[in-house]
Amino acid sequence: MNHLLKSTWCGLFLILFLSTSSALAQVPALKTYNIIWDSQSKNASESMPCGGGDIGLNVWVENGELLYYMSRSGAFEENNIFPKFGRVRVKLSPNPFEDGTRFRQELKLQEGLVEITGTKGKHAATITAWVDVFRPVIHVDVASNQPVQATATYENWRTHNRELLQGEKFSSSLKWIKTPAISYKDIVDFKGDDVLFYHRNQDSTIFDLTVKSQGLDSIKSELLNPLRRLTFGGLMRGANMVPAGNTEGKYLNTAYQGWKLQSKTTQKKHSIEVFLHIEQAADVATWQAGLAKTVKEAKAAERTAFRKSQDWWKQFWQRSYVLINPDKPDAAAAPWQVARNYQLFRYQLACNAYGAYPTKFNGGLFTVDPVFIDSTRYPFTPDYRNWGGGTFTAQNQRLVYWPMLKSGDFDMLLPQFEFYRRLLPTAEKRTAHYWGHKGASFTEQIENFGLPNYAEYGLKRPKGFDPGVEYNAWLEYHWDTSLDFCLMILDMQRYTGKDITQYMPLIESCVIFFDEHYQYRAGMRGAKKLDENGHLVLYPGTAAETFKMAYNANSTIAGLKTVLSRMLELPQSYGTSEARSSWEAMLKRVPPLSFREMQGHKTLSPAKSWERMQNTEIPQLYPVFPFGMYGIGKPDLEVAINTWKYDTDAIKNRNYTSWHQDNIFCARLGLTEEAAAITIQKLGNADRRFPTFWGPGQDWVPDHNWGGSGMIGLQEMLLQADGEKIYLFPAWPQDWDVTFKLHAPYNTTVEGKLVNGKIEQLKVTPKQRQKDIVFINIQ
């Protein structure tokens, strides 16, 4: 590797110490990355994301009317569908947005809002849609140069009980199961001058069905049930607005009913607010009291809410950025487009910064009517998304959250970390119930209550089949994705120095599970629990969903080795001497990685052996990413490069869409040309009006693990860290000018500007970390 590392200190020392220039001290303007439309949208598929805190809106103007869908993290109905909170329609009269008007709709990244302007003759109006980052309140503010009347209609399509259609169940935890399932209606009505709407889950939910099917009734009372008594909804009101009756209609294929509010008089300014509330409430009255509290607190803070939300977005953009060819803005140029879409997708992630649940890989907060993604979904409502609402698939979810380390969005990691910490007792009780040993068994597809998905668990199981294992060709024995999140937590500690004591029981329980479970399985087969070298026999196992019934899968081995090693590298305040001795003993029991020869070259093997191959992942490279055993500056890099180049299974499975990680692998291996080419495919414009509404790929639209994996790859092209070493530009094309700010371990930020392959500016904070910088492939 030494021939790649170019520590040209003579010229660069001066840059390092003179790098306090204002060009790096100021956040580069994001204005050129704003999305601007000069025509109205045809339908919801041409909507724009807007949000904050834990709320997402799809905003569009159609036929002169503003519409937006509302989503909020943590809303799950009885079948575990993640439903919209409804749709709001706003119309002005006289209307400057009617046909023949000049029109402009802009997503303003720096401000975190959508601004819409319309001009018809001398009449001009601006509508601003924004969400309070700190309170669950949606705002629509109207400013007109002439008095107008404003009408706001709350629209809801869940107005009666109905049986879910068979294919529609794929948006729930029932998936393909043919058991009848009811979608229960919401309650909507006028309340004084407001519109009140809510959904309260029935007494029996998918949780109860799942517990029974998985033989856990005896410990049911000990398991977390987030669906019980869950009530979600809100209240819409407008300043100087009163009820104006009901309406009904059909948007695309979905019938709806509407509740109208209308301004009492024409005026130049209007304000419409929607307050949202979610609570596991004892009764509806208790939930309404919680909603009233939300309204009261929001009204008390209304004078400062906008400014404080603006301040939050400002500091958010100051944390981190990657700007490619910023002095040559060209929306058609692939490298510029990559950086623009990197910022846009980071905005989408920030809209669920503080969600009660992680950002969903399969659409996040921004799904729309499914007919626009798949015409066969025409009968389904806007609540539909593939792969369920309350089901979280770990291999996909991890790609949404890994980029938040280098972008410095550490506060945004917490919803994902808390998801697993909250479910730890359930995972441990499940292990003890089925197998009688310790450790947390987190399955690959996991419900928001911590158990395997009802359908994926397998309802037609052979008699005597292990009840703790999913009877599922794709998901059987797939537990090691929990190690991704363990490493992510350990990385957050290394990046920030923040106390992770509250997460140590989670991390420890995850590694204990493998240590105890595979000794348990070996003991069931024979007299010895370890192999002749004192190592675990990781069988049956799996290398992702691809290499099945695996013996010593490299993905599992890499995860255990890396997580246990990093646990031992924590400050001594973490773990007693007894605990550390236990960690060391577990690490010694982890078997070594396996290798094989492919086309005459030594490569990483998916496992020591396996029975079948069925999916299209490349888990033989998981020791590269996420687990970092191979990479720039590390030993035997050539073996990992050979795996990418010569492993015919890996070559066959190459892909750039959705959750595929090829760009990340290439970046970590220093393969600049390949990394750049795949990154352009990853982060290029989607084939939809909004450029980062990618998908569906293998998932849904907008595909968030598509965007997340794209972000990770771009970051790794710019900056990689190994211990205290920071490698800059390890896979960066010299013809891509870049201005960037990224985070590195040990409370370090690196800001730089590269022009024509030469560093023009560099600032490392704190200064003592400058000695750890290593430059690669730059002049």
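The structure displayed is predicted, hence computed values, not measured ones.

**A few points about the overall build of the chain**
Helices and strands together make up the secondary structure of the chain, namely 18 helices and 31 strands. Expected size for 779 residues packed as a compact globule is a radius of gyration near 28 Å; at 27 Å, the chain falls within 12% of this value. Seen along its three principal axes, the alpha-carbon backbone of the chain occupies a region of about 85 × 70 × 45 Å. Put simply, the chain has 779 residues, and 63% of those count as buried. Across the chain, every contact between residues at least 6 apart in sequence was considered, and the portion connecting residues at least 24 apart equals 69%. With 88 positive and 81 negative side-chain charges, the chain shows a spacing of 3 Å between the two charge centroids.

**Observations concerning the pattern of salt bridges**
Oppositely charged side chains are able to pair whenever their charged atoms sit close together. A complete count under the given rule lists 37 salt bridges for this structure. A salt bridge links Lys634 to Asp722, with the shortest nitrogen-to-oxygen separation between them at 2.8 Å. Here Lys634, found in the loop between strand E25 (612-613) and helix H14 (637-646), pairs with Asp722, found in strand E26 (residues 719-722); they are 88 residues apart in sequence, far enough to count as distant. Taking the relative accessible area as the measure of exposure, Lys634 reaches 18% and is therefore buried. Bridged by salt links that share partners, the residues Glu65, Arg87, Arg89 and Glu155 form one connected network.

**Overview of the packing of aromatic side chains**
Think of a pair of aromatic rings as described by two things: how far the centres are apart, and how the planes are tilted against each other in angle. Within the structure shown, the criterion is met by 48 aromatic pairs. Between Phe513 and Phe514 the ring centres are 5.4 Å apart and the planes differ by 80°, which places this aromatic pair in the edge-to-face class. Accessibility assignment for this pair places Phe513 and Phe514 in one class, buried. Put simply, the rings of Phe76, Phe82, Tyr357, Phe392, Phe419, Tyr420, Phe442 and Phe485 pair up and form one aromatic cluster. Taking the ring centre of Phe170 as reference, the NZ or CZ of Lys175 above it sits at 5.8 Å. A cation over an aromatic ring shows up here: Arg346 above the ring of Phe316, its NZ or CZ 3.8 Å from the ring centre.

**Quick look at the state of the cysteines**
The final tally for this structure, using the stated rule, is zero disulfides. Just so you know, Cys510 is unpaired, no disulfide at all, and the nearest cysteine sulfur is the one on Cys486, 3.8 Å from it. When its relative accessible area of 1% is taken as the criterion, Cys510 is described as buried.

**Observations concerning the sheet that holds strand E28 (residues 738-744)**
With antiparallel pairing, the four strands of this open sheet are ordered in space as E18-E28-E29-E30. The strands lining the two open edges of the sheet, one partner per strand, are strand E18 (321-324) and strand E30 (758-765). Sheet twist, expressed as the mean angle between neighbouring strand axes with direction ignored, is 15°. Pairing analysis gives four bridges linking E18 to E28, with the strands arranged antiparallel. Looking across to E28, one finds that Ile324 is bridged to Val738. The sheet contacts of helix H18 (residues 704-718) involve E18 and E28, and relative to E28 the element is tilted by about 95°.

**What to know about the nonpolar core**
Within the largest apolar cluster, 222 residues are counted, with the highest numbers of intra-cluster contacts made by Tyr68, Met70, Phe442, Leu714, Phe729 and Trp732. If you look at the next biggest cluster of nonpolar residues, it comprises ten residues, including Val137, Leu235, Phe275 and Val295.

**Examining the sheet that holds strand E21 (residues 541-543)**
Taking strand neighbours across the sheet as the criterion, the three strands line up as E21-E22-E25 in an open arrangement whose pairing is antiparallel. Each edge of the open sheet carries a strand with a single partner, namely E21 and E25. The sheet contact formed by strand E22 (residues 547-550) and E25 spans two bridges and is antiparallel. Within the sheet, the bridge partner assigned to Phe547 lies in E25 and is Met613.

**Description of helix H9 (residues 414-435)**
Taking 1.5 Å of rise per residue, the 22 residues of H9 would be expected to cover 32 Å, and the 31 Å separating its terminal C-alpha atoms lies within 8% of that figure. The largest bend along H9 reaches roughly 45° and is located at Leu424, with the proline Pro425 sitting one to four residues downstream.

**Quick notes on the packing of helix H5 (residues 302-319) against helix H6 (residues 334-350)**
Across the interface, H5 lies against H6 with an axial gap of 12 Å and an inter-helix angle of 130°. If you check the angle between H5 and H6, you find them oblique. When you trace H5 past H6, the crossing you get is right-handed. Contacts between H5 and H6 involve Trp312, Trp313, Phe316, Trp317 and Arg319 on the former and, on the latter, Gln343, Arg346, Tyr347 and Ala350. Looking at side-chain class alone, the contact of H5 with H6 contains six nonpolar, one polar and two charged residues.

**Some words on the pairing of E26**
In this structure, E26 lies alongside strand E27 (residues 725-728), joined through four bridges in antiparallel fashion. Each bridged residue has a counterpart across the sheet, and for Leu719 the counterpart in E27 is Leu728.

**A word on the environment of Ser609**
Inspection of the secondary structure assignment puts Ser609 in the loop between strand E24 (601-604) and E25. Taking the C-alpha atoms as reference, Ser609 lies 20 Å from Met524; in sequence the two are 85 residues apart.

**Let's talk about the side chain of Asp409**
By secondary structure assignment, the location of Asp409 is in the loop between helix H8 (403-406) and H9. A polar atom in the side chain of Asp409 sits 2.8 Å from the side chain of Ser407. When sequence neighbours within four positions are dropped, the list of residues in contact with Asp409 reads Phe316, Arg319, Arg346 and Met404.

**Quick word on the packing of helix H10 (residues 482-496) against helix H11 (residues 504-525)**
Two numbers describe how H10 lies on H11: the axes approach to 10 Å, and their chain directions differ by 145°. In this structure, H10 meets H11 at a crossing whose hand is left-handed. Counted together, Ser482, Leu483, Cys486, Ile489 and Leu490 of H10 and Leu506, Ile507, Cys510, Val511 and Phe514 of H11 form the full contact between these two elements. Residues of the contact of H10 with H11, tallied by class, amount to nine nonpolar, one polar and no charged.

**A closer look at the confidence of the model for the chain**
Overall, the prediction assigns the chain a mean pLDDT of 95, with 96% of residues at 70 or greater. Per-residue pLDDT, averaged within each element of the chain, yields its smallest value for helix H1 (residues 9-17) (33) and its largest for strand E13 (residues 194-200) (99). Note on residues 1-25: pLDDT is under 50 here. Beyond four places in sequence and across chains, it has 43 contacts.

**Details of the pairing of strand E23 (residues 595-598)**
Here E23 shows a clear split, with Arg596 and Met598 buried on one side and none of Phe595 and Glu597 buried on the other. With four bridges joining them, E23 and E24 adopt antiparallel strand pairing. Looking at E24, one finds that Arg596 is bridged to Thr603. Taking the residues that link successive antiparallel strands as the turn, the E23-E24 hairpin has two residues, and the phi of Gln599 there is positive, at about 50°.

Reading the values: the criteria
- Residues numbered from 1 in each chain as written.
- Predicted model: local features only at pLDDT ≥ 70, side-chain atom pairs only at ≥ 80, totals over all residues.
- Heavy atoms only, no water.
- Helix = DSSP H or I, 4+ residues; strand = E, 2+ residues; numbered from the N terminus.
- Rg over C-alpha atoms; globule rule 2.2 N^0.38 Å.
- Buried < 20%, exposed > 50% of the residue type's maximum accessible area, 1.4 Å probe, protein only.
- Contact = heavy atoms within 4.5 Å.
- Lys, Arg positive; Asp, Glu negative; His and termini not counted.
- Charge placed at Lys NZ, Arg CZ, Asp CG, Glu CD.
- Salt bridge = Lys/Arg side-chain N within 4 Å of Asp/Glu carboxyl O.
- Phe/Tyr/Trp six-rings, centres within 6.5 Å; stacked < 30°, edge-to-face > 60°.
- Lys NZ or Arg CZ within 6 Å of the ring centre and 35° of its normal.
- Disulfide = S-S within 2.5 Å.
- Pairing = 2+ DSSP bridges.
- Axes fitted to C-alpha atoms, helices over the stretch in contact; angles between N-to-C directions.
- Core = buried A, V, L, I, M, F, W, Y, C linked by side-chain atoms within 4.5 Å.
- Expected span 1.5 Å × (residues − 1).
- Bend = angle between axes of the 7 residues up to and from the residue.
- Parallel < 35°, antiparallel > 145°, perpendicular 65-115°, else oblique.
- Left-handed = near helix turned anticlockwise from the far one by under 90°.
- Nonpolar A, V, L, I, M, F, W, Y, C, P; charged D, E, K, R; others polar.
- Polar contact = N/O pair within 3.5 Å; in protein donor to acceptor, adjacent residues only side chain to side chain.
- pLDDT = per-residue confidence, 0-100.

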